[in-house]
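# Inside the fold
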Amino acid sequence: LNTQTALGFEEGAFDCVLCQLSIDYLVNPTAVIKEALRTLSPGGELIITFSNRVFFTKAVALWTGKSDLEHLETVGNYIHFSGAPAVKKIEAFDILPSASRSGGDPLYAVIAEKS
């Protein structure tokens, strides 16, 4: 997706599109998100998940050095500024809050619903 953001599927082909543990490595995340939203059917969900584990030599500079809360905000901004006007709502979740408190790996999700 860093060299070719087109997904090659028809518009509205899916009810759900996942971007799992990779948003922090995308060099053009807004283009990827715009394309993912294009392939969603009305009411479909784009689900972007990530943790705070990262390969610093591979992650984009915008991602490194931010807190988990700032990562959630960054992904929300990626969606908002993707140029896709078809987003009805954006929500963010801490999927494993107990893992964060116990020293385990946290997992976060940002979910966008297409209008």
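## Considerations on the sheet that holds strand β2 (residues 40-50)
If you trace the four strands from one edge of the open sheet to the other, you get β1-β2-β4-β3, paired in mixed fashion. Of all strands in the sheet, those with a lone pairing partner are β1 (14-20) and β3 (87-94), marking the two edges. Mean inter-strand twist for the sheet, computed between neighbouring axes without regard to direction, equals 15 degrees. Across seven bridges, the pairing between β3 and strand β4 (residues 108-114) is antiparallel. Across the sheet, the residue bridging to Ala 92 is Val 110, located in β4. Lying over the sheet, helix α2 (residues 68-80) contacts β2, β3 and β4, oriented at roughly 20 degrees with respect to β4.

## Quick word on the confidence of the model for the protein
Chain-level pLDDT for the protein is 91 on average; 96% of the residues reach the 70-or-more range. At the level of individual helices and strands, the protein shows its lowest average pLDDT in helix α3 (residues 97-102), which scores 70, and its highest in β1, which scores 97.

Thresholds, definitions, all that
- Residues numbered from 1 in each chain as written.
- Predicted model: local features only at pLDDT ≥ 70, side-chain atom pairs only at ≥ 80, totals over all residues.
- Heavy atoms only, no water.
- Pairing = 2+ DSSP bridges.
- Helix = DSSP H or I, 4+ residues; strand = E, 2+ residues; numbered from the N terminus.
- Axes fitted to C-alpha atoms, helices over the stretch in contact; angles between N-to-C directions.
- Contact = heavy atoms within 4.5 Å.
- pLDDT = per-residue confidence, 0-100.

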